[in-house]
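Summary of structural features
Here's the letter readout for the chains.
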Amino acid sequence: EIIRLSGIRKGTPMLSLNQDEIEQAIEQNPYLKFRYLEKRWPGTVILSVREREACCWMTWNGILYAMDKQRMVLFETEDLTVRPAALVRVDGLKIRSGALTGQQLVLESQEQQETFSTLFLEMKVLGCTELVEEADLSNLSSLLLTTRDGFTVSMGDRQNIHAKLRSMLLTREELLKRGYRSGVINVSLPETPIFSPPSV
């Protein structure tokens, strides 16, 4: 499929290969992200491509969208009974354009775009994407996560997201050892996390 999309055939002159055109052609498939093209003389071409992975979903105007961490829409449906099980639900995105499969969602604020990208990149780096059920980005001064096992995580603003996620993971692990299964973990100051158990 990648070779077909690239348009490269046996006998295609190596000097005629245009990397920008090949990148555009391959990325017609929203699940593919072009990385690079390498020419090995006399007659070998290497295409490096990675598969985009859906990490989150949201609903907007009665449609459910699944996206990767660069906000590329990989899937859409009007069936709102669909709930992508292992993906994070995102609330509070303010969309300007791009809400179609194969397009990148453009948000109304650059700040929200950067927060989204940083949050999902750091969750992937720390291996905790599947632990998070919901991310509320409606207020960038008060980011909120909900874990699949019942904790609410108050992150404060978008500074130091890596440190805050790491603090959340360590605190949650300790709380589970102590028998807690819900409550609020405040990591707005990641060095000194605060836990508030659920009120009885």
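Here goes a summary of the coordinates provided. (Residues numbered from 1 in each chain as written. Predicted model: local features only at pLDDT ≥ 70, side-chain atom pairs only at ≥ 80, totals over all residues. Heavy atoms only, no water.)

**Quick notes on the state of the cysteines**
Cysteine pairs can be linked by a disulfide, which is a covalent bond between their two sulfur atoms. Which entries qualify depends on this criterion: Disulfides are defined as cysteine sulfur pairs within 2.5 Å.
For the structure shown, the criterion picks out zero disulfides. Free of any disulfide, cysteine 56 has its nearest neighbouring cysteine sulfur in cysteine 55, separated by 3.9 Å.

**Re the pattern of salt bridges**
Using the following cut-off: For this analysis, a salt bridge means a side-chain nitrogen from Lys or Arg found within 4 Å of a carboxyl oxygen belonging to Asp or Glu. Strands are runs of DSSP state E lasting at least two residues, helices are runs of H or I lasting at least four, and both sets are numbered from the N terminus onward. Partly exposed describes any residue whose relative accessible area lies between the buried limit of under 20% and the exposed limit of over 50%, with all areas from a 1.4 Å probe on protein chains only and scaled to the type maximum.
Under the defined criterion, the tally for this structure stands at 11 salt bridges. The shortest N-O distance in the salt bridge between aspartate 68 and arginine 52 comes to 2.8 Å. Within this pair, whereas aspartate 68 is found in the loop between strand 4 (63-67) and strand 5 (73-77), its partner arginine 52 is found in the loop between strand 2 (44-51) and strand 3 (56-60), the two being separated by 16 residues in sequence. Owing to a relative accessible area of 2%, aspartate 68 belongs among the buried residues under this scheme. Exposure remark for arginine 52: the relative accessible area of 5% places this residue in the buried category. The partner of lysine 164 in a salt bridge is aspartate 157, and the shortest N-O contact between them spans 3.1 Å.

**Here we look at the sheet that holds strand 13 (residues 194-196)**
Two modes of strand pairing occur in sheets, parallel and antiparallel, and in both the strands are linked by backbone hydrogen bonds. Under the convention used in this document: One requirement defines pairing of two strands: DSSP has to find at least two bridges between them. Axes here refer to lines fitted to C-alpha atoms; in helices the fit is confined to the stretch in contact. Angles between the N-to-C directions go from 0 to 180 degrees. The contact definition used throughout considers only heavy atoms, calling two residues in contact when any of these lie within 4.5 Å.
Strand order across the open sheet formed by nine strands is 5-4-3-6-9-10-11-12-13, with mixed pairing between neighbours. In this open sheet, the two edge strands, each paired with only one partner strand, are strand 5 and strand 13. In this sheet, adjacent strand axes meet at a mean angle of 20° when their direction is disregarded. The strands touched by helix 3 (residues 110-125) within the sheet are strand 3, strand 4, strand 6 (88-91), strand 9 (132-136), strand 10 (143-147) and strand 11 (151-156), with strand 6 carrying the most contacts at an inclination of about 160°. In the packing of helix 4 (residues 161-177) onto the sheet, contacts are made with strand 10, strand 11, strand 12 (183-186) and strand 13, and the angle to strand 11 comes to roughly 150°.

**Examining the side chain of threonine 147**
Heads up, the condition is: Nitrogen and oxygen atoms within 3.5 Å of one another constitute a polar contact, given that in protein one can donate a hydrogen and the other can accept it, and given that sequence-neighbouring residues count only through two side-chain atoms.
On the secondary structure map, threonine 147 appears in strand 10. Looking at threonine 147, the relative accessible area reads 2%, which means it is buried. Within polar-contact distance, the side chain of threonine 147 engages the side chain of aspartate 149 at 2.5 Å. Excluding anything up to four places from it in sequence, threonine 147 contacts Leu131, Val132, Glu133 and Val153.

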